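Observations on the model geometry
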Amino acid sequence: MSRVTARRRTLRISPNGIVTRPDTLAVEEPLEIRTGGQSLTVTMRTPGADIDLIHGFLYAEGIIDSADDIVTARYCAGTDENGQNTYNVLDVQLRTPRPITPRPFLTNSSCGLCGKTALDEVQTKLRHRIPAGMPRVEIDTLVKLPTELRSRQQVFDATGGLHGAGLFTADGEALAVREDIGRHNAVDKLVGWALRENRLSANDLILMLSGRASFELVQKAAMAGIPIVGAVSAPSSLAADLAAESGLTLIGFLRGESMNVYCGEDRLAL
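As a starting point, this report considers the structure included with it. From a predicted model like this one, the values you see are computed outputs, not experimental measurements.

Once that is clear, we can look at the sheet that holds strand β9 (residues 174-180). Whenever strands of a sheet pair, they do so through backbone hydrogen bonds, lying parallel or antiparallel. Strand order in the open sheet formed by six strands is β9-β8-β10-β11-β12-β13, and the pairing between neighbours is mixed. Two strands bound the open sheet, and with one partner strand each, they are β9 and β13 (258-263). Going across the sheet, the axis of each strand differs from the next one's by a mean of 20°, ignoring polarity. In this structure, strand β11 (residues 228-231) lies alongside strand β12 (residues 249-255), joined through three bridges in parallel fashion. The residue of β12 that forms the bridge with G230 is I251.

Shown next as structure tokens:
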């Protein structure tokens, strides 16, 4: 069994009776991110694609501008009861070291920032201009994306407990899909993949989310230059405001043959 899943004993109660059986759960473990040996932050995540995760996180927070800004990223410290490395501490060596100062990260959207402050903070960090009206996407392509994303969520199939995020072309081709216990981590893993593959800015791609579209997820899309964000569930009000101010297309309740378009409908071939 890999570290992304774990087995636990459960008592199954149903109309057919009570049985004891094992269940497969998604693993949730802390990842401490260090830069130059100094602790930067700790995030709870599902192990896997950690290198993509730190690239995406550091990029979204404006700490790095390209994959070349990271010289090395290595696991260090942290052992379990058997003395084995837990792989829960990653130390990043930056090409240009930066002083570490305590501050709230935008991904933690409950750090006392008001809505206007949060929007202004993101706008000051945007690196990419998002072209108006591009790319053009067919409605038939959009309605297929939730199914395409779901079909690639292998760990969700085993556990039912992970968020999924995928990057798709305007024609609906899946380029990368990531899963994680944290929806923001899943997107960081995708953005980190795109950064390492030299696909940023991703202004020809679509970000598809398996759940809701929160402010921090739209923020990460805007930072990566992704022009279209689709979500199976609802966006928050602040997410819709940020999408509109950043020139993104934001789509919620993308299920079956229907969807709600909150802004940026000029990219849709209606």
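Alright, that's what it looks like, and here's the rest.
Counted under the stated rule, the structure contains eleven salt bridges. Two residues, R196 and D52, come together in a salt bridge whose shortest N-O distance is 2.9 Å. With R196 in helix α5 (residues 183-196) and D52 in helix α1 (residues 50-60), this residue pair connects regions lying 144 residues apart in the sequence. Under the relative-accessibility criterion, R196 is labelled partly exposed at 45%. Here D52 falls in the buried class, since its relative accessible area comes to 7%. Across the salt bridge formed by R199 and D204, the nearest N and O atoms sit 3.6 Å from each other. Overlapping salt bridges bring together D52, R178 and R196 as one network.

So, about the nonpolar core. Core analysis: the biggest nonpolar cluster contains 49 residues, and L207 and L209 have the highest contact counts within it. With seven residues, the top contributor of residues to this core is α5. Those residues within four positions of L209 in sequence are excluded, and the remaining contacts are L149, G164, A165, V187, L217, V229, G230, A231 and V232. Listed in part, the 15 residues of the second largest apolar core include L145, L149, M259 and L268.

Moving on: the sheet that holds strand β5 (residues 70-75). Within the open sheet, the four strands sit side by side as β4-β3-β6-β5. Their pairing is mixed. A strand with exactly one partner marks an edge of an open sheet, and here the two such strands are β4 (38-45) and β5. With strand direction ignored, the average angle separating the axes of adjacent strands in the sheet is 20°. As paired elements, β5 and strand β6 (residues 89-94) share five bridges and run antiparallel to each other. Its bridge partner being in β6, I70 is matched across the sheet by L94. Along the sheet, α1 contacts β3 (29-35), β4, β5 and β6; its crossing angle with β4, the most-contacted strand, is approximately 115°.

Rules used in this analysis
- Residues numbered from 1 in each chain as written.
- Predicted model: local features only at pLDDT ≥ 70, side-chain atom pairs only at ≥ 80, totals over all residues.
- Heavy atoms only, no water.
- Pairing = 2+ DSSP bridges.
- Helix = DSSP H or I, 4+ residues; strand = E, 2+ residues; numbered from the N terminus.
- Axes fitted to C-alpha atoms, helices over the stretch in contact; angles between N-to-C directions.
- Salt bridge = Lys/Arg side-chain N within 4 Å of Asp/Glu carboxyl O.
- Buried < 20%, exposed > 50% of the residue type's maximum accessible area, 1.4 Å probe, protein only.
- Core = buried A, V, L, I, M, F, W, Y, C linked by side-chain atoms within 4.5 Å.
- Contact = heavy atoms within 4.5 Å.

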